[in-house]
Amino acid sequence: MSAPTTGLEVRSGSRALREAVELLSSMRFAISLLTVICIASVIGTVVQQHQPFVNYVNQFGPFWAELFGVVHLYSIYSAWWFLLILAFLVISTSLCIARNTPKILHDLKAYKEHVREQSLQAFHHKASGTLAEHPDQVLARITALLQRNQWKARAQVRPQGVMVAAKKGGANRVGYLAAHSAIVLICLGGLFDGDLIVRAQMWLSGKTPYAGGSVLLRDIGEQHRLSPANPTYRGNVEVPEGARANMAILQQSDGFLLQPLPFDIELKKFIVDYYDTGMPKLFASEIVVHDHETGRAVTHTVKVNEPAFHRGVAIYQSSFGDGGSKLKLLAYPMQAGGKRFEVDGEIGGSTALSSNTDDKLTLEFGELRVINVENLGAPQGSGTTDVRKVDLVQRLEKHLGSGAKAPGDKSLHNVGPSITYKLRDTSGQAREYHNYMLPVELDGQRVFLAGLRDTPADAFRYLRIPADDKDSVETWMLLRAALLEPARREEAARRFAAVALPDDKPELADQLRVSAQRALDLFAGAEPPAAGRPAVGGLQAIADYMEARVPEQDRNRTSEVMLRILNGSLYELVQLARSAAGLPALPSDEKTQAFMIQSVFALSEATLYPAPMLFELKDFQQVQSSVFQVARAPGKKLVYLGCLLLVIGVFAMLYVRERRLWIWLQPEAGGTRLTAALSSTRKTLDVDREFDSLKAALLPDSLAPEAP
């Protein structure tokens, strides 16, 4: 017997009701629902769930992001249509089971011994022959044979002979019931542990998700809090080191709900270990669970895939973050007349700043990363590198990008801590900055990396600031501040003219001083390169000046002279700046020369650095936090039972074959005529071999055997 695909046939009620019940209880309808659920699950796996909407806009574009949001593709497993399909699948599969169970149970009990002896000739597997034994002897031998081979048999005595009906492999039918019951149990477990119960509380109790701005959890109203007796939920709890938390956040498509916990989670210590590549290999949290009802304190160590359990609630290690690390930053002015100052802050906080302009800025402390493992391997086939080719987007990707994109051998190094912050103006516009605390060696030069980007969708563009002999930005900052002061530029030009002027040409002193003054003024952005053009500063100003003032045939020679004058003047300027700061003069060696070359390019690129000040991370006190996922899932027992039944059912349906055997014994002169037939749900070679074996045992020395 094969399971029918049609549904229940209701004999009463309207025609529409009968057709609806027949469709709902049909197997083809259940398979269609299961197919839709599988497709939705694939979409939910490919598309990250519960992400900020701006991430989906960046990924799919405004139109498709809005359309996908309407059909709840960003929260598929809690979407109303997904839960509705799941509920219909439960009902449909349950009706399928209810329709087929009586038939299967009846068939398991039936031996079908009433089959006519003439019908045995219609079977594919059949055999007949005459035995030189009395029918009673043949019946006794057949009974023993069937018992040895674990056949269940029943004999029916008829006037013409005896019909023996046997069956084997009835577990195949039980597998059908087990597999379909497994689907029902797994779906019910998914409904119980999903958002169905939470949504029911929202509908019945008037609870609504909180979609407001940043606020303390204790200030959120009761209309956004679920009952402490909620039987099922799954949410996240973030606990900083040394702190407690007892409120879980249940993320919804339009906000979040708060779920009070029956205990407090106290994080004593968060432990994280890293691979050599910088990827974390171990998350562990040492916690103390304080029970509200008993007052007991229980210690647990929670690791990934090793949760803790307390009062029916599982506590999983989900992720980690910053719990409010303390920072000390040193602000360097990027404009003339500014003074450096220190700023103390905390990750996640902000502070107001004042600048030389009327615009008031707010410094927002973003992220502290203590470990940054980057690939600093040199690309294969690369020769000497021109530091003037500082492509702030692509050039540094060879050093700071993914190791999978590196064209050469990998050389992984921990480049130390970094800080991410934002500077927001009064109009609400903000740029994001990413600065490293320690210098990184790139192209043979130790440099500090100061990154910036205009939007989160952009990649960081990095300014390379050369490190001095004390691995500090001090010298470069002194040079930049001196470059912005007219008096210092004038003194540096005079000193350069005095040092570089040949002894036999004193008449060129004024001309050389004027050239040095003009080069410094152009480079500092204090003089426009030509009439009608804005003052831009940097090497671009030198190039614009050459294009506007020097004939094309003389530009190469003149530009070389101008760059020599600029480099020499900047060298005198940095010596002036260090002397004024009480620092010793830089020696005239290759290291200083490399420092000055990188300084020229950094000063040039700094003209494009859109910030009134640059912040250097001087010190920090890291405070980590651990993010736990807390889940009360009573439906998991149904899911476990369903999985067990599914394994049993699939195994029974695939590997257990139902067979039925009929043996007709009819007395004849001098013996017994035996006719046998075998039926199976599937025709396989194993069935053929089994019947051949049975035929040989039933008709060992028949007088007139007949092959099928």
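Anyway, here's the lowdown on the structure attached to this text. Everything quoted here is computed from the prediction, not taken from an experiment.

What counts and how
Residues numbered from 1 in each chain as written. Predicted model: local features only at pLDDT ≥ 70, side-chain atom pairs only at ≥ 80, totals over all residues. Heavy atoms only, no water. Helix = DSSP H or I, 4+ residues; strand = E, 2+ residues; numbered from the N terminus. Rg over C-alpha atoms; globule rule 2.2 N^0.38 Å. Buried < 20%, exposed > 50% of the residue type's maximum accessible area, 1.4 Å probe, protein only. Contact = heavy atoms within 4.5 Å. Lys, Arg positive; Asp, Glu negative; His and termini not counted. Charge placed at Lys NZ, Arg CZ, Asp CG, Glu CD. Axes fitted to C-alpha atoms, helices over the stretch in contact; angles between N-to-C directions. Parallel < 35°, antiparallel > 145°, perpendicular 65-115°, else oblique. Left-handed = near helix turned anticlockwise from the far one by under 90°. Nonpolar A, V, L, I, M, F, W, Y, C, P; charged D, E, K, R; others polar. Pairing = 2+ DSSP bridges. Phe/Tyr/Trp six-rings, centres within 6.5 Å; stacked < 30°, edge-to-face > 60°.

**A few points about the overall build of the protein chain**
Along the backbone of the protein chain there are 17 helices and 25 strands. Relative to a compact globule of 708 residues, whose C-alpha radius of gyration would be 27 Å, the protein chain shows 42 Å and is clearly more extended. Taken over the C-alpha atoms alone, the protein chain extends approximately 150 × 60 × 55 Å along its principal axes. With 708 residues in all, the protein chain has 43% of them scored as buried. For the protein chain, contacts bridging at least 24 residues in sequence account for 64% of all contacts bridging at least 6. Positive and negative charge centroids in the protein chain, built from 77 and 75 side chains respectively, lie 10 Å apart.

**Points about the packing of helix 3 (residues 53-60) against helix 4 (residues 62-70)**
Direction vectors running N to C along helix 3 and helix 4 enclose 130°, while the axes themselves pass 7 Å from each other. It follows from the interaxial angle that helix 3 and helix 4 lie oblique. The interaxial crossing formed by helix 3 with helix 4 has right-handed handedness. From helix 3, Phe53, Tyr56, Val57 and Phe60 reach across to helix 4, where they touch Pro62, Trp64, Ala65, Glu66 and Phe68. Residues of the contact of helix 3 with helix 4, tallied by class, amount to eight nonpolar, no polar and one charged.

**Focus: the pairing of strand 7 (residues 280-291)**
In the sheet, strand 6 (residues 255-274) pairs with strand 7 via eleven bridges, with the strands oriented antiparallel. If you follow isoleucine 271 over to strand 7, its bridge partner there is alanine 284. Inspection of the sheet shows strand 7 paired to strand 8 (residues 297-303) by seven bridges, in the antiparallel sense. Bridged to valine 289 within strand 8 is valine 298. Two successive antiparallel strands, strand 7 and strand 8, enclose a turn made up of five residues, where glycine 295 displays a positive phi of approximately 80°.

**Observations concerning the packing of aromatic side chains**
Enumeration over the complete set of coordinates arrives at 17 aromatic pairs. Arranged with centres 5.3 Å apart and planes meeting at 85°, the rings of phenylalanine 60 and phenylalanine 68 form a pair that is edge-to-face. Judged by its relative accessible area of 26%, phenylalanine 60 falls in the partly exposed class. When the centroid spacing of 5.8 Å and the interplanar angle of 35° are considered together, the rings of tryptophan 64 and phenylalanine 68 count as tilted. With tryptophan 64 and phenylalanine 68 both in helix 4 and four residues apart, the pair spans about one turn of that helix. A relative accessible area of 46% places tryptophan 64 in the partly exposed class. Looking at phenylalanine 68, the relative accessible area reads 21%, which means it is partly exposed.

**A short note on the environment of asparagine 55**
Along the chain, the position of asparagine 55 falls in helix 3. Put simply, asparagine 55 and alanine 457 are 402 residues apart on the chain and 8.7 Å apart in space, counted from C-alpha to C-alpha.

**Some details on the sheet that holds strand 3 (residues 161-168)**
Taken in spatial order, the five strands line up as 1-25-24-3-2 in an open sheet, and their pairing is antiparallel. Edge positions in the sheet fall to strand 1 (125-131) and strand 2 (152-158), since each of these pairs with one other strand and no more. Put simply, the sheet's adjacent strands are angled 15° from each other on average, direction ignored. Across the sheet, helix 6 (residues 135-148) is in contact with strand 1, strand 2, strand 3, strand 24 (659-668) and strand 25 (671-680); its angle to strand 24 comes to roughly 165°.

**Regarding the environment of leucine 644**
Within the secondary structure, leucine 644 is located in helix 16 (residues 636-655). Sequence separation between leucine 644 and alanine 182 is 462 residues, and the spatial gap between their C-alpha atoms is 7.8 Å.

**Structural notes on the sheet that holds strand 12 (residues 341-346)**
Strands sit in the order 12-11-22 across an open sheet of three strands; the sheet is antiparallel. In the strand order of this sheet, the two ends are held by strand 12 and strand 22 (613-621), each with one partner. Adjacent strand axes in the sheet meet at a mean angle of 30°, parallel and antiparallel pairs treated alike. In this structure, strand 11 (residues 326-333) lies alongside strand 22, joined through eight bridges in antiparallel fashion. Its bridge partner lying in strand 22, alanine 331 is registered against phenylalanine 615.

**Considering unusual backbone geometry**
Positioned with a positive phi, lysine 112 is a non-glycine residue whose angle comes to about 60°. By the element assignment, lysine 112 lies in the loop between helix 5 (80-109) and strand 1. Look at glutamine 150: it is not a glycine, yet its phi comes out positive at around 60°. Along the chain, glutamine 150 turns up in the loop between helix 6 and strand 2.

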